Amino acid sequence: NLQKLSITNTKINFLPKDLPLEFVEKFDIDREANVPAWYSTFLLLAVAMASFLNFRFENQLEEFNVYRKTFWLIWMGLFMFLSFDEAAMLHEFLGNLFGIAWFYLYIPFMAIPFAFCIYSLWKMKIVASDIALWITTGMIISAFGGVFLEWVGVQFSLPYAIRQVRFVLEESGEMIG
């Protein structure tokens, strides 16, 4: 259901622009402090909360697996930070503070959890499972939207129509991933 809401949120971005500006801005996927930004913050927080529940569940299992416990604890922390970052616009602040595009600061931050996740899934011996596939696919989609398409927007001067499509694909990739 959360993926359906993400796709609906993306479709709203294509509302006719002859609607009142205040309404359109509240659903503009490329703006901050609006419905899509709130929804993105909520999704990240939901992943953090689910990760915490998985961590707690691991404590109750008879079979102790330090990799699974560590994975869910670090995953929870990562998504708590991402939720805070989205709500507080920390990445924009840091980008402005250092005078560079924010994703250059975040590339190592994103690469390390990605490598940790792949390593942990391998150590937990669930590399071929459905959950490993979902987690890995989600990370790839999110990275494509949040890093690659953001980089494209900074590196290339795109025509208006293509820029709008890039905005939608970038933000949708982050939310759906």
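Above this text sits the structure in question.
Parameters at a glance
Residues numbered from 1 in each chain as written. Predicted model: local features only at pLDDT ≥ 70, side-chain atom pairs only at ≥ 80, totals over all residues. Heavy atoms only, no water. Core = buried A, V, L, I, M, F, W, Y, C linked by side-chain atoms within 4.5 Å. Buried < 20%, exposed > 50% of the residue type's maximum accessible area, 1.4 Å probe, protein only. Helix = DSSP H or I, 4+ residues; strand = E, 2+ residues; numbered from the N terminus. Axes fitted to C-alpha atoms, helices over the stretch in contact; angles between N-to-C directions. Parallel < 35°, antiparallel > 145°, perpendicular 65-115°, else oblique. Left-handed = near helix turned anticlockwise from the far one by under 90°. Contact = heavy atoms within 4.5 Å. Nonpolar A, V, L, I, M, F, W, Y, C, P; charged D, E, K, R; others polar. Patch = residues over 30% accessible without salt bridge, like charges linked within 9 Å, V, L, I, M, F, W, Y side chains within 5 Å. Areas by Shrake-Rupley, 256 points an atom, 1.4 Å probe, with all protein chains shown as cover. Salt bridge = Lys/Arg side-chain N within 4 Å of Asp/Glu carboxyl O. Phe/Tyr/Trp six-rings, centres within 6.5 Å; stacked < 30°, edge-to-face > 60°. 1 Å grid on protein atoms, 1.4 Å probe; cavity = no way out; pocket = protein on both sides within 12 Å on 5 of 7 lines; lining within 4 Å. Points joined across faces, edges and corners; volume = space filled by probe spheres on them. Expected span 1.5 Å × (residues − 1). Bend = angle between axes of the 7 residues up to and from the residue.

1. A word on the nonpolar core
Within the largest apolar cluster, 15 residues are counted, with the highest numbers of intra-cluster contacts made by Phe71, Trp72, Trp75, Phe79, Cys117, Leu121 and Ile135. For this core, the secondary-structure elements that each account for two or more residues are helix H3 (35–60), helix H4 (66–88), helix H6 (102–123) and helix H7 (130–155). The greatest single-element share of this core, amounting to six residues, is contributed by H4.

2. Quick notes on the packing of H7 against helix H8 (residues 160–176)
Look at H7 against H8: their axes get within 6 Å of each other, and the N-to-C directions meet at 150 degrees. By the angle between their directions, the pair H7 and H8 is classed as roughly antiparallel. The way H7 lies across H8 gives a crossing that is left-handed. Of H8, the residues touching H7 (which contributes Ile141, Ser142, Gly145, Gly146, Leu149, Glu150, Val152 and Gly153) are Arg166, Leu169, Glu170, Gly173 and Glu174. Split into classes, the residues belonging to the contact of H7 with H8 amount to four nonpolar, five polar and four charged.

3. Concerning a nonpolar patch on the surface
Taken together, Phe93, Leu97, Phe98, Ile100, Tyr104, Ile107, Phe144, Phe148, Trp151 and Phe156 make up a surface patch of nonpolar side chains, about 1000 Å² in accessible area. Elements with a minimum of two residues in the nonpolar patch: helix H5 (90–98), H6 and H7. Tracing the backbone shows Phe93 in helix H5.

4. A short note on the packing of H3 against H4
At their nearest, the axes of H3 and H4 sit 8 Å apart, and the two run at 160 degrees to each other. As far as their axial angle goes, H4 and H3 are roughly antiparallel. As for how H3 packs across H4, the hand of that crossing is left-handed. Of the residues that constitute the contact of H3 with H4, the class distribution is 15 nonpolar, six polar and four charged.

5. Topic: the packing of aromatic side chains
For the structure on display, the rule yields 11 aromatic pairs. When the ring of Phe71 is compared with that of Phe116, the centres are 6.1 Å apart and the planes differ by 15 degrees; the resulting orientation is stacked. Taken together, the residues span a long stretch of sequence, with Phe71 in helix H4 and Phe116 in helix H6 at a distance of 45 residues. Taking the relative accessible area as the measure of exposure, Phe71 reaches 0% and is therefore buried. Through a chain of ring-to-ring contacts, three or more aromatic side chains come together here, namely Phe71, Trp72, Trp75, Phe79 and Phe116.

6. Description of the layout of surface pockets
A volume near 1400 Å³ is recorded for the largest pocket. Lining the largest pocket are 50 residues, and of these Leu44, Phe79, Ser142, Glu174 and Gly177 sit closest to its centre. Put simply, the parts of the chain that give the lining of the largest pocket at least two residues each are helix H1 (2–12), H3, H4, H5, H6, H7 and H8. Among the elements that take part in the lining of the largest pocket, H7 stands out by supplying 12 residues, more than any other. Considering only residue class, the lining of the largest pocket consists of 29 nonpolar, 11 polar and 10 charged.

7. Overview of H7
For H7, spanning 26 residues, the distance from its first C-alpha to its last is 36 Å, which sits close to the expected 38 Å at 1.5 Å a residue. Bending of H7 peaks at approximately 35 degrees at the position of Phe144. Of the residues making up H7, those classed as buried are Ala132, Ile135, Thr136, Gly138, Met139, Gly145, Gly146, Val147, Leu149, Glu150 and Val152. Buried residues along H7 sit against H4, H6 and H8.

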